[in-house]
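Structural characterization, general
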Amino acid sequence: MLGDANNLIKNIKSDSVDLILTDPPYELDTHGGTTKNMKRKLHDNHIAFISNGFDMSILDEMLRVCKIPNILMFCSNKQISKLMSHFESKGLSTTLLVWQKTNPIPFANGKYQEECEFIIYVRGKGVTFNNEVGISGKKKILTFPTIKGKERNHPTEKPIDLLLRLLELHSSEGQVVLDPFMGSGSTGVASRRIHREFIGFEIDKNYHNIAINRIDDEF
């Protein structure tokens with residue numbers, strides 16, 4: 001669906017989604033660790049949408065549409081405490097997962113290298129957790145390479161293999177997966193690849209079209 005996630009999610013029935021797997025806009029630091037060229041790119045209008053966070057009022061709507069709270073949300077370091085505190089105030093269990101990149105951008109001027117991104121996992125009692133994946137599939141540190149620049153469809157695109165790992169652990173075949181911040185549709189691609197139903201929202205028409213084409217290719 002093309003449009004603003006905060007509006008579109010209101011059209012989704014309560015208790016109808018099995019898993020939310022999403023990558024909303026981050027809140028990003030711009031001090032240290034980057035070259036002048038990288039700072040310029042961060043402030044460029046073409047990618048400004050990924051650096052200013054998102055309207056957190058959508059979080060309660062996410063809980064409403066879930067059959068049982070079952071949410072995986074990529075986030076920046078600045079968002080961790082806000083997100084975990086919000087869900088924990090609802091009496092929900094939260095876990096911090098780490099995506100460790102095997103090929104991070106080599107910039108670390110005056111700060112730690114940005115070789116990790118974070119994922120907040122929110123779960124309610126009785127939610128899907130597939131033990132069949134074994135111990136290796138349950139590690140809190142997920143090690144996968146980033147997508148190379150020329151191969152990316154979106155500035156913050158996540159690797160399909162990483163998304164498949166999360167989907168296989170936290171959902172089952174035939175269940176409904178929602179991504180309110182769909183981008184170029186990688187969660188939809190991964191969902192279709194392992195036979196999950198998918199709902200996605202994207203506010204940018206260009207990325208919405210890319211997502212539609214990528215997901216259609218999986219049928």
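Right above here is the structure, for reference.
The text that follows walks through the structure, step by step, so that each part is easy to find. If you're wondering where the values come from, they're calculated on a predicted model, not measured in any experiment.

In this section: the packing of helix α5 (residues 160–170) against helix α6 (residues 186–193). One way to put it is that α5 packs onto α6 with a least axis distance of 9 Å and a crossing angle of 60°. When the interaxial angle is binned, α5 and α6 end up oblique. When the axes of α5 and α6 are compared, the crossing they make is right-handed. Taking contact as the criterion, the partners of I160, L163, L164 and L167 in α5 are, on α6, S186, T187, V189, A190, S191 and R193. Across the contact of α5 with α6, the residue classes tally to six nonpolar, three polar and one charged.

Here we take up the pattern of salt bridges. Scanning the model with the defined rule gives 11 salt bridges in all. We note a salt bridge from D60 to K90, for which the minimum N-O separation is 3.4 Å. One end of the pair, D60, is in helix α3 (residues 58–65); the other, K90, is in the loop between α4 (80–88) and β3 (93–101), and 30 residues separate them in sequence. The exposure class of K90 is partly exposed, given its relative accessible area of 43%. Residues E114 and K111 are paired through a salt bridge, measuring 3.2 Å at the closest nitrogen-oxygen approach. On the basis of relative accessible area, E114 is assigned to the partly exposed category, the value being 46%. In this structure, a network of salt bridges that share partners links the residues D23, K101, E117 and K158.

This part covers the pairing of strand β6 (residues 176–179). In β6, alternate side chains face the same way, and those of V176 and L178 on one face and V177 and D179 on the other are all buried. Of the strand pairs in this sheet, strand β1 (residues 19–22) and β6 are connected by two bridges, and their pairing is parallel. Its bridge partner lying in β6, I20 is registered against L178. Here four bridges tie β6 to strand β7 (residues 197–200), and the two strands are oriented parallel to one another. Residue pairing for β7: V176 is matched across the bridge by E197. Regarding topology, α6 serves as the crossover connection from β6 to the parallel β7, and that connection is right-handed.

The subject of this paragraph is the sheet that holds strand β4 (residues 116–123). With mixed pairing, seven strands are arranged side by side in an open sheet as β5-β3-β4-β2-β1-β6-β7. The two strands at the open ends of the sheet, each matched to only one other strand, are β5 (141–144) and β7. Strand-to-strand twist across the sheet, computed as the mean angle between neighbouring axes with direction ignored, equals 20°. Relative to β4, β3 is paired through eight bridges, and the arrangement is antiparallel. Each residue of the ladder has a partner; that of V98, found in β4, is F118.

All of the buried residues along α3 are I58, L59, M62, L63 and V65. Packed against the buried residues of α3 are α1 (5–8), β1, β2 (70–75), α4 and β6.

Reading guide: rules and limits
- Residues numbered from 1 in each chain as written.
- Predicted model: local features only at pLDDT ≥ 70, side-chain atom pairs only at ≥ 80, totals over all residues.
- Heavy atoms only, no water.
- Axes fitted to C-alpha atoms, helices over the stretch in contact; angles between N-to-C directions.
- Helix = DSSP H or I, 4+ residues; strand = E, 2+ residues; numbered from the N terminus.
- Parallel < 35°, antiparallel > 145°, perpendicular 65-115°, else oblique.
- Left-handed = near helix turned anticlockwise from the far one by under 90°.
- Contact = heavy atoms within 4.5 Å.
- Nonpolar A, V, L, I, M, F, W, Y, C, P; charged D, E, K, R; others polar.
- Salt bridge = Lys/Arg side-chain N within 4 Å of Asp/Glu carboxyl O.
- Buried < 20%, exposed > 50% of the residue type's maximum accessible area, 1.4 Å probe, protein only.
- Pairing = 2+ DSSP bridges.
- Right-handed = clockwise from strand over helix to strand, strands pointing away.

The values are spatial; any link to function lies outside them.
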